[in-house]
Structure formats: C-alpha cells, structure tokens
Amino acid sequence: MNNRLYGNLIFELSKEGRRGCSLPKNYFGDYEIPASMKRTQDAALPECDELTVVRHYTNLSNNNFGVDTGFYPLGSCTMKYNPKINEEIAALPQFQNLHPSQPAQTAMGAKAVVAMLNKALCALTGLAQFTFKPYAGAHGELTGLMVIDNYHRSRGDMARKKVIVPDSAHGTNPASAAVCGLEIIEVKSSPDGLVDLEDLERLVSQEGPNIAAMMMTNPNTLGLFETHIPEIAKLIHDCGGLMYYDGANLNPMLGACRPGDMGFDVMHINLHKTFSTPHGGGGPGAGPVGVRDGLQEFFPFVSPYQGNFGVMMRAYTYILSLGRDQIKNVGPLATLNANYIKESLKDVYELPIDTVCCHEFVFDGLKDKSTGVTTMDVAKRLLDYGYHAPTIYFPLLFHESLMIEPTENESKETLDAFIAVMRKIADEAKDDPELVKSAPHNTPIGRVDDVLAAKHPIVTYKQMMNDAN
Amino acid sequence: MLDKVGLKSLDGLYDQIPEDIRFKGDYEIPLGASEIEVRQLFERLGSQNQQMTCFAGYGVYDHYTPSVIPNLLSRSEFLTSYTPYQAEISQGTLHYIFEYQSMMAELTGMDISNASMYDGTTATAEAMLMAVAAGKKQNKVLVSETVNSNTRKVLDTYALHHGVELETIAGKDGVTDIDDLKARLADGGVAGVIVQQPNAYGIIEDYTGFADVCHENKALFIMNSVAADLAVLKTPGEWGADIAVGDGQSLGIPMQYGGPYVGYMCCTEKLIRKMPGRIVGMTNDNRNQRVFVLTLQAREQHIRRQKATSNICSNQSLMALWVTVYLSLMGKQGLKEAAQLSYAGAHYLCDGLMKTGKFHLVYDKPFFNEFLVKYDGDTDALYQRFIEAGILGGVKLDTGILFAVTEKRTKEEIDNLLTIAAL
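Reading the values: the criteria
Residues numbered from 1 in each chain as written. Chains lettered and ligands numbered in written order. Predicted model: local features only at pLDDT ≥ 70, side-chain atom pairs only at ≥ 80, totals over all residues. Helix = DSSP H or I, 4+ residues; strand = E, 2+ residues; numbered from the N terminus. Rg over C-alpha atoms; globule rule 2.2 N^0.38 Å. Buried ≥ 20, exposed ≤ 12 C-beta atoms within 10 Å, placed from the backbone. Pairing = 2+ DSSP bridges. Contact = placed C-beta atoms within 7 Å. Axes fitted to C-alpha atoms, helices over the stretch in contact; angles between N-to-C directions. Domains from an automatic or database assignment. Expected span 1.5 Å × (residues − 1). Nonpolar A, V, L, I, M, F, W, Y, C, P; charged D, E, K, R; others polar. Parallel < 35°, antiparallel > 145°, perpendicular 65-115°, else oblique. Left-handed = near helix turned anticlockwise from the far one by under 90°. Core = buried A, V, L, I, M, F, W, Y, C linked by C-beta atoms within 7 Å.

Draft legend 1. Spatial organisation of the overall build of chain A. Scanning chain A from terminus to terminus reveals 17 helices and 10 strands. Computed over C-alpha atoms, the radius of gyration of chain A comes to 25 Å, within 12% of the 23 Å expected from 2.2 N^0.38 for 469 residues, which places it in the range of a compact globule. Across its three principal axes, chain A shows a C-alpha extent of roughly 75 × 65 × 45 Å. The buried share of chain A, reckoned over its 469 residues, is 58%.

Draft legend 2. Looking closely at unusual backbone geometry. All names here are of chain A. In this structure, Pro-219 follows Asn-218 across a cis peptide bond, with omega equal to 0 degrees. Turning to its location among the elements, Pro-219 is positioned in the loop between β4 (211–216) and α8 (229–238). Here the amide bond leading from Gly-283 into Pro-284 is cis, since omega sits at 10 degrees, within 30 degrees of zero. Tracing the sequence through the fold places Pro-284 in the loop between α10 (271–274) and β7 (289–291). Even without a glycine there, the phi angle at Thr-78 is positive, about 50 degrees. Tracing the sequence through the fold places Thr-78 in the loop between α1 (50–61) and α2 (84–90). We classify Thr-78 as buried; it has 26 C-beta atoms within 10 Å.

Draft legend 3. Molecular detail of the sheet that holds strand β7 (residues 190–197) of chain B. Residues and elements named next belong to chain B. Spatial strand order, β2-β10-β9-β8-β7-β3-β4: seven strands in an open sheet with mixed pairing. Looking at strand neighbours, the two that pair on one side only are β2 (112–113) and β4 (165–169), the edges of this open sheet. When strand β9 (residues 243–247) meets strand β10 (residues 263–267), the two strands line up antiparallel, connected through five bridges. Across the sheet, Ile-243 pairs through a bridge with Cys-267, a residue of β10. Together, β3 (140–144), β4 and β7 form the strand contacts of helix α8 (residues 178–186), whose direction differs from that of β4 by roughly 150 degrees.

Draft legend 4. Quick peek at the domain arrangement of chain B. Residue and element names in this part refer to chain B. Split by domain assignment, chain B resolves into domain 1 (53–65 + 331–422) and domain 2 (68–325). On a C-alpha basis, the centres of domain 1 and domain 2 stand 28 Å from each other. Contacts between domain 1 and domain 2 engage 24 residues on the former and 23 residues on the latter. Contributing elements (two or more residues each) for the side of domain 1 that touches domain 2: α12 (317–355) and β14 (370–375).

Draft legend 5. Molecular detail of helix α5 (residues 91–108) of chain B. Taking 1.5 Å of rise per residue, the 18 residues of α5 of chain B would be expected to cover 26 Å, and the 26 Å separating its terminal C-alpha atoms lies within 8% of that figure. Of the residues one or two after α5 of chain B, Gly-109 of chain B is the one with positive phi, at around 70 degrees.

Draft legend 6. Representation of the sheet that holds strand β8 (residues 361–364) of chain A in the model. Residues and elements named next belong to chain A. Strand order in the open sheet formed by three strands is β8-β10-β9, with antiparallel pairing between adjacent strands. Two strands close off the open sheet at either side, each with one partner strand: β8 and β9 (391–392). Summarising the sheet, β8 and strand β10 (residues 401–404) pair through four bridges and their orientation is antiparallel. Directly across from Phe-361, in β10, lies its bridge partner Ile-404.

Draft legend 7. The interface of chain A and chain B, seen in detail. Contact residues are listed per partner, giving 162 residues for chain A and 154 residues for chain B. Sorting elements by how many residues they give to the side of chain A that touches chain B places helix α11 (residues 309–327) of chain A first, with 13 residues. Classifying every residue of the side of chain A that touches chain B gives 92 nonpolar, 49 polar and 21 charged.

Draft legend 8. Quick peek at the domain arrangement of chain A. All names here are of chain A. Structurally, chain A comprises domain 1 (10–61), domain 2 (107–327) and domain 3 (330–437). Measuring from the centre of the C-alpha atoms in domain 2 to the corresponding centre in domain 3 gives 29 Å. Across the contact, 18 residues belong to domain 2 and 16 residues belong to domain 3. Here the side of domain 2 that touches domain 3 is composed, by residue class, of nine nonpolar, eight polar and one charged.

Draft legend 9. Quick peek at the environment of Ile-211 of chain A. Residue and element names in this part refer to chain A. When you line up the elements, Ile-211 lands in strand β4. A count of 24 C-beta atoms within 10 Å places Ile-211 in the buried class. Separated by 29 residues in the primary sequence, Ile-211 and Gly-240 place their C-alpha atoms 7.4 Å from one another. Look past the residues within four positions of Ile-211 in its chain and what remains in contact with it is Arg-160, Lys-162, Ile-164, Val-204, Ile-236, Cys-239 and Gly-241.

Draft legend 10. View of the environment of Thr-52 of chain A. With respect to the helices, strands and loops of the structure, Thr-52 of chain A is situated in helix α1. Through-space distance from the C-alpha of Thr-52 of chain A to that of Gly-20 of chain A is 8.5 Å; in sequence the pair is 32 residues apart.

Draft legend 11. Quick peek at the packing of helix α4 (residues 108–125) of chain A against α11 of chain A. All names here are of chain A. Relative to each other, α4 and α11 sit at 55 degrees, their axes nearing to 10 Å. With respect to their mutual orientation, α4 and α11 come out oblique. As α4 runs across α11, the sense of the crossing is left-handed. Mapping the contact onto sequence places Ala-110, Val-113, Val-114, Met-116, Leu-117 and Ala-120 in α4 and Phe-309, Met-312, Met-313, Ala-315, Tyr-316 and Ile-319 in α11. Classifying every residue of the contact of α4 with α11 gives 12 nonpolar, no polar and no charged.

Draft legend 12. Molecular detail of the pairing of β9 of chain B. All names here are of chain B. Within β9, five of the five residues are buried, which leaves the element mostly enclosed by the surrounding structure. Here β9 shows two buried faces, one formed by Ile-243, Val-245 and Asp-247 and the other by Ala-244 and Gly-246. Of the strand pairs in this sheet, strand β8 (residues 220–225) and β9 are connected by three bridges, and their pairing is parallel. For Met-223, the partnering residue across the bridge sits in β9 and is Ala-244.

Draft legend 13. Spotlight on the packing of helix α7 (residues 197–207) of chain A against α8 of chain A. All names here are of chain A. Remark: α7 packs on α8, axes separated minimally by 10 Å, with the N-to-C direction vectors making an angle of 5 degrees. The angle between α7 and α8 falls in the class roughly parallel. When α7 is examined against α8, the residues Leu-197, Leu-200, Glu-201 and Val-204 are found in contact with a partner set consisting of Glu-231, Ile-232 and Leu-235. Considered class by class, the residues forming the contact of α7 with α8 number five nonpolar, no polar and two charged.

Draft legend 14. Spotlight on the nonpolar core. Counting 298 residues, the largest nonpolar core has Tyr-244 and Met-312 of chain A together with Met-128 and Ile-222 of chain B as the members making the most contacts within it. If we ignore the near neighbours within four places in the chain, the residues touching Ile-222 of chain B are Ala-127, Ala-131, Gly-192, Val-193, Ile-194, Ala-241, Asp-242, Ile-243 and Val-245 of chain B.

Here it is, written out as structure tokens:
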C-alpha cells in the first residue's frame, strides 16, 4: 500500500472522443431505435483510453489494504487467506459461460458442483439440506427466518412472530427479523458473557406461544461458547419454537462441534468467512441456508437461480483442498491463535471476561484508562504499523470494545509481531498520548470528517461539480 | 503457544463444550486433494457442461467482457479487502464506489445511487420495501404483469413475510395497461408502482403519463431496467421515476450460472435517507485532502438494528468495480454502440425468423434486443435441435420462445440459427 493518496476521479481523466474498447462492425443493416424511446442526452460517462483506465484502477488499488497486504484481525469477519487456486477454478470458462436457464442436460458439471457442495456442507454442519439462493449472510438470515415463518404458518400457528436474540447479537439479526415481519425480544447476557438462562426461562414462560425462534451465534459475539446450548435448545423446542444458528462464527466449530448436534434447526453459512472466498471490498459473498430434515419444503424463493454460483465454486475448491484430513484443524488452530493473543496482551488491555475463548475475543480498551487514549485511537495507530484494525465498538456490551479475530492462517511470527505492536501502542499511550490520539500518520489519508459527509451528502461526480459551482 | 495459553493439548481449547455434543469423528467429505488433483476434477466436471452459443436472456445476457476487467479485479488489494470501515486504508474501494454511484446515476438519469445491491430481483424487492416505508399508511404495491416472473416471485416472497399487499396491473397486448393502473390507484393505499423497461418480453414500453398518475396518488414510481440498454433508451429519470432499480449483469459481467451479479438502486435526492444499503460520500480528511467515506450510516442495521431501512450489510462491491471498469472502458460512445449492435442483431434475427414463415411475434410492439415468438411446429423438438447444434435457442416461456441477442453474436452465428429454425 502507498502512503501517498492517488486521488483522481476517472471523470477527471476523461478527454472527449477517447475510448478503451473495440467492437465489431455492424453487419446487420440499419435498424434504428424509435426516436421517441431514446434518451435525449448521452450518459456523461468518462472517455478514456485503455492504458489510462488500467493505470487509474491500479493506482486506486494502491490506496487499499487487503488480507494479502497484511494481518487483518477484524473480529467477527473471519478474514482468512483466500487461496489463489479458488480464483482460477471459478474463472474456468466451462463454468463462467453458463447461462442460468441452460437446461440441466447441458450443465451437468455445474449441477454436480452444487450437489457436492450441498453434501459437504451437510456433513460439516449436521443438517439435512441447503438452499444456495441467498446471496450473502444477511440474505441468508432473512431466508432462514422465512423458512421458520413458513413452517409456523403451515401449521396454522399464526401467532408465532417473536424472535429471541441475545443482547450481544449483531445488528443484522434484528434487522433481518424486521424485514421478515417478525419482532425481536432481547435476552440478557449474564456476567460471564453467556445467555442468561433465568432471563430466557422468564421470556419463554411469558411469551411461549408467540415465540417463532431463538436466533444466536455459537460461539457468541464475545467469542465464548454458549455452554448451555442443549438446555437453551430444549427450552425453545419445548415451547414450540425453532433454533436459528447465525453462521457468522462457524469457523472455530470446524473440528469441534456441529450446529445440528447443538440442537439448531436452521442456519446460514457465510461462505466468504468460513470457506475462504474473498470479501471483495464488501461482497459478493454467499449465504446458503441449511435445515434439519423436514424443513426443506419451506425454502422460499429469494432469488431466481442458484445464488452466487461463482462463490460456491471457490468454497468447494477450498473444501476439497483441505479435505477430511485437514478441515478439522481449522477450528482448533483459529482458537489457539485467538487465545494466544488474548493471553499475551491481557496485562495491558482490559479483558472483561477472562476465560478460554474461541476464534475471537473482546478487550474493553486499554487497561490504563488515565491516558484518555480510546479504542478508536488504538485502532488508528495500528494502521500506522501496517495492520488492519480490529472490529471496534462492537459488541455493544462494553464501552471500548476491541474485537480481535486472527484466523487459523496466521503464523506464530505474525502473531508475535502484532502483539509487540499492540504493547508498543500501550506504551505510547502512556508516554506520548497525543501521538496515538492523532494517528494515523503513515496512511495515504488522515482521519476523515464523517460529520461533513453526512450533513451535506455528495455522492456523485455531478453533485460534486454542481457544488463546486 | 499452548504454554502461553496454559493448556497441554489443542483438545483442551474446547473443554467448555459439553461432551455429548462434541464432534469427534471424521466429516464425510473427500480426502484433501493437491492443487493438481483439484484442477483435474474441475476440468473434468467442466467438460460435462456444454459450451453453447447463447441466445438466451430473460434478465441474464451474454455481453462481452473486455480482458482488462478480470485482470484489474484480480488485484488482491481489491479482492481481499473487507467493507471499507477504515477509510484511511480503504480509499481504493471507497473511491471506485463513488465512481460507480456517479456512473449509475448518469446511466439511469437519477440524482443518486447507493453502493450496489445483490442483484436486480432483490434490488426491486428492496425498492418495494422502501416505498412502503416511505408511504405513511399505504401498504399496497402494484406490479405490472409485464415484469419478469423471476422478479415477481422474489417480490411475492418478500411481500408475504413483510405484510405488503401486492397487486398485479394487467397487461394489454404485451404492455402495461395504464387504465388498469389508474383504476387500482383510485382504490387508494398504494405506496409504489413497479414496471419494467424493456419489459419481460423485451418490449420497449411507452410510460408516458405513468409517473404523473402515480404522483397524483402519492405512490412512488419504480422502474426496473436492463442497465446496458439505458445507454440509448429514455432513462427512468426521464420517465419520471422516483426509484430506478435493476441488474447490472448486462454491463459485462459473465453469466456464471446465475451469479455473482450486481443490483443497482438509484433514486431522487429527496429519498436519500430512505435508501437501503451502503452509500459512499465525499468529504475531507484532516490533511485537507478530498477523500471518500461510508456515509449516512444512521440508516443501517449496525446502528439502527430493527429500525434500519434494510437488513442488507454488504454491497456487491467487487461486482460494482466490475461495472465501473466496464463503463470506464466502454465510455460514452462504446456503450451506445454495443447497445445498438445488440438491437440490430436482434432485429436481424427476428426478420430472419419471420421469413421462414414458421414463426410469428407474440406481440407486435417495438422491442430492444429480446423478443417473444411463437413457433408453429413442435417447440420442444426445435429447442432440442438447437441444443444438438450447440445453440442455446432462447428461453422457453409459457407463451413462446424469448430470443436475446447481444453484440457478441456474429452474423454467422445468427444465420446458423436461422438455418436450423427453417428446417
């Protein structure tokens, strides 16, 4: 990554009459689009030659940080290495050129990939069948909740519109429930960071016949395994609800415990987390939804075809590359890495819940609060040292949450170097707090004015030009 | 490392998991394979897919992908990054999203765009939810019968669970019946009206007067369009749409058996705070540089939770970059030429099919690069003859065969199809 900003917009490189493409001649004759149906003005797209376009986007990429650039301990996002073979396989023309409505007889290879991936995901989760229609994790959550809603409707159980989520849940859970027309009730966390069973019992006795489902991750967003999961599942099942597993934190469970065996009925998997497909700057991902036997008939139509097939190709390549012999090491190694960082830093960073974690854990800022250095400052200072920041200010249970997830891919040397930098920042916070508070210093840009962006939104080039005049 | 953690073996890491739910055995998946073996397997599977000359469309089109695009997109600084929360080290992503938003707003003739959505069908569903949320007590959305049935099925799903009342506006001779629309609007309670351009049968509809009747009845006018066709067609903005949605796949994204594609959503400036999804905006940094940042996040799920405008977290960032590079390369002229070539090829094919005397157009209306015909003989047998010749001869609908042509189809390929069709 460069430490100087490349800031041109492609529109600013445009020169009238230039182009970066070549097209065949028209051998078909003069067919004219009816004038009344034509746009009156051309779209003001940039006019650039090919080299200008290539340089522009290459320079832009140098303003970016990815997993391939450096360590990316972004909690709950599972930023693992994206193997290069995955990309090549997904780009095979025999798959890339397939139209989604091609008849089955002409797409047998693609169909086989879908079937094999389905089988593998069932084996890894202990569920019976997956639908691949959901395009992303949030789309998977929505799809899974629709399965649950469809199930209750099919039984004429129309009152079941409430979904229990822990207060530590990711914001998507309540948002997905709302889109699905369901209502959220929050169950409290106990001081040990787990679902408070007494509070859950109270909710179940109050709301029993209205409960559609309980939605949770396990390990939870604090990286802690919900040890009472069998009791939780029993409570929910006994009152007629279903158990939904948010697959956001599935990675540490590979080789340890399957959602189906924990008592979950429906789940989604973020293929872009656990199964190594690239995050692509925010997508595309894929969020296949798996169900216990008997619930397949309730899969909804949430997209037309097989979902993000290209992402599925990458995920199956990953599963095949690790295979039966290696995949069970994923969870333990990710868990070991997280615990190693936690134990190596807990004397200088506040660890609110001091216990064995899974793939991630949460600090509540620096231990020494007297310096005034916040989690935000620590995160920005990490950028100076060539690291991506951890997830900050989530979960909402603590004021200064700093959530670290290293994944199984990182070596001891990488972790040691990161630990050394985190300790150095803690020292800097004492010795020279201003240095940390004014970070970052070595990045292409400094801290940004978020307030200005929201107060006076400029979201297109045209608005920018109008604003300048 | 185990010493530091205070454990003797990796197994101890999971002591907190109740013994009876621990997974102890081996997963029933294949043994690990080397890169060579993985490649061989996929090549073998690939050979079971038939490579065909594509005349199928119905929302997914075989446009050409310039070689620059996959090359640039393989840059791992783009590929292996996450959502650009840390603006200081994510200017690459934020910057191209700003360009993407600018280009999509241009193409659709709308004020603003979000940072992209999953695909065209789900973007349309999000527009429906947006209309209902923007409407005060209106909970009804009208959808034209001429909207693609895949989009309609996704709308039906979202509407069922969210409690939106969906009604169909009748079609008349292959286009939306404005009289039926007026009658339904007059019943009241309508938050939004959804139409498609070109419609499901490839027909270019005349939407004169639609926006006015929608607005007179306080309903938002939502138009779903094939992105590439907007290079030449009258834009949703010109038709008076409040929200423009659709799929960006036609902007050079490979068909790849259904995804990933990219949905776009643009709207008028006054609806910006109702919009779902990520939005990137311009601002300054503390070094006084022009920079870009995720903005208006108070709409989103990680802040508003159940009160968010949508549950969507990600955008379809890398595919938005795909589209952005495509539009940069094609530019103002190239995009128009590709659209005109597709138009000309489709009309040449249609003329040829008519000349065989065995086909007729189901609707006699202006069409773009896709058209619906009825075959006088056995349609299934004809379709099979195409397949045997390596041709994907359109998409079979209940009412006929829908043929699509892009700039990729040569005259030889079309003539070959015509020869088989004439047999």
